[in-house]
Each structure stands twice: as structure tokens, then as C-alpha cells.
Amino acid sequence: NYEDYEAVIDCLDSALRIEPNDSGALYNKGRALSQVSWFEFDEEGKRKVNEEALECFDKAIKIDPDNARANFAKSLVLKDLGRLEESIKCMDDALKIEPDNVMFLDFKGNTLVEIGKLTESFNCFEKITQIDPNNARAWYNKGTSCIAVGRAEEGATCLEKTMEIDSTVLKKAHFPKH
């Protein structure tokens, strides 16, 4: 709830007054600010994006360049701002630190799909299926990526694998427009 996030932000502000270079506190403040934005909308009804969160992530990364979570969180905010190429670059930075992080790979793959980089997105989903061969969502994403780039037979095989692992994934799926 909104008030809980505001209280967390107040606590983190107090901590940062004492230790302004605490990358963990900066990261957590950025996350809280990002969450607060889920409750805020502009006059057109679009969710607002809190740019102060982006500043917190930038500071946290400057202090601790190996903070993969801060790079990931920054990537999320950049995506919300419509800055998809920058978002992918931040995700690449996070993946340099944690190259086998399935959540990071999935986010990057789906963002690449949004900008039409289907071959690159396939590579992300392929890697996830290698890391976690029972990840039905990754098999689904890999399959739809294959189909989108004209590899229908391979795509069908991936979708069959999806069904073997968890048939509900296809029921929940939304099919992006390419």
C-alpha cells in the first residue's frame, strides 16, 4: 500500500542522511520509489514513472558497480520511461555480473521482442532453456521467437515442450504483434 512505501522511503532517507554512500539504501529507496509510482497516474490515466528512482539506482551503481540488482531495477525504470535501448544496455550490465540469472535473461528477451530484435531475443530464451530446462515460459518464448523468425518446425517443438512441462503456460499466453 502507498503509505507503507512512503514510510519505507522516509526511513531510507534517514539512513542516507547518516550514510549517504550506502549503495544498499540507495537501491532500496529506488525500489520503493518505483513501487510508489504504481499508485500514481497522470491526467491521461497513464502510470507515472518516478525519475528519482532512476537517480537512486545510478548512485547505487556508481558506488557499487557490481550491484546487478541495481542495474536490473534501473533497466525496469528505463523500460517504463520508453527508453528500451537504454534498458537493454542496463540489462546487459546486470548480465555481465550475473550471466545465468533467468529473470534478467527473460526480461531482456521480452524487451528485445518489443523492439523487433527477434534473433537476439531467441538467444536469451535459448540460454534460459539451457540453464533451466524445466522452465515452461522460456520454452514458450523460445518457440514463439522461432516462429516469428520463420523457424516454424523448431518453434512447434518448443511449444510441445512447453505443454509437456506446464500446459497452463499456453492458456495464459498473450501473443505479441510483430
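We now turn to the structure provided with this report. Keep in mind the model is a prediction, meaning the values are calculated, not measured.

### Quick word on the overall build of the protein
And then number 1: Broken down by element type, the protein carries ten helices and zero strands.
And then number 2: Taken over 178 residues, the protein has a buried fraction of 41%.
And then number 3: Nonlocal contacts in the protein, meaning residues at least 24 apart in sequence, comprise 48% of its contacts between residues at least 6 apart.
And then number 4: Of the accessible surface of the protein, which amounts to about 10000 Å², a share of 51% is contributed by carbon and sulfur atoms.

### Quick look at the packing of aromatic side chains
And then number 1: A full pass over the atoms with the stated rule returns three aromatic pairs.
And then number 2: Ring centres of Tyr27 and Phe57 lie 6.1 Å apart, and the angle between their planes is 50 degrees; on these two criteria the pair is classed as tilted. One end of the pair, Tyr27, is in helix H2 (residues 23–36); the other, Phe57, is in helix H3 (residues 51–63), and 30 residues separate them in sequence. The pair formed by Tyr27 and Phe57 is uniform in burial state, with each residue classed as buried.
And then number 3: Centre to centre, the rings of Phe72 and Phe107 are 5.6 Å apart; their planes meet at 80 degrees, and the pair counts as edge-to-face. Here Phe72 is found in helix H4 (residues 68–80), whereas its partner Phe107 is found in helix H6 (residues 102–114), with 35 residues between them in sequence.
And then number 4: On the basis of relative accessibility, which here comes to 13%, the residue Phe107 falls in the buried class.

Conventions adopted
Every chain is numbered independently, its residues counted from 1 as its sequence is written. Note on the predicted model: pLDDT of at least 70 is required for a residue's local features to be given, and 80 or more for side-chain atom pairs to be given and counted; whole-chain, interface and lining totals, by contrast, use all residues. Hydrogen atoms and water are omitted, and side-chain values are computed over all heavy atoms in the structure. The way it works is that DSSP assigns letters per residue, a run of H or I at least four long becomes a helix, a run of E at least two long becomes a strand, and they are numbered from the N terminus. Think of it in three bands: residues with accessible area under 20% of the maximum for their type are buried, residues over 50% are exposed, and the middle band is partly exposed, with areas taken using a 1.4 Å probe on protein chains only. The contact criterion used throughout is that any non-hydrogen atoms of two residues lie within 4.5 Å. All accessible-area figures derive from a Shrake-Rupley calculation using a 1.4 Å probe, and residue coverage is judged against the displayed protein chains alone. In summary, the pairing rule links any two rings of Phe, Tyr or Trp, Trp by its six-membered ring, whose centres are within 6.5 Å, and it sorts them by plane angle into stacked for under 30 degrees, edge-to-face for over 60 and tilted for everything else.

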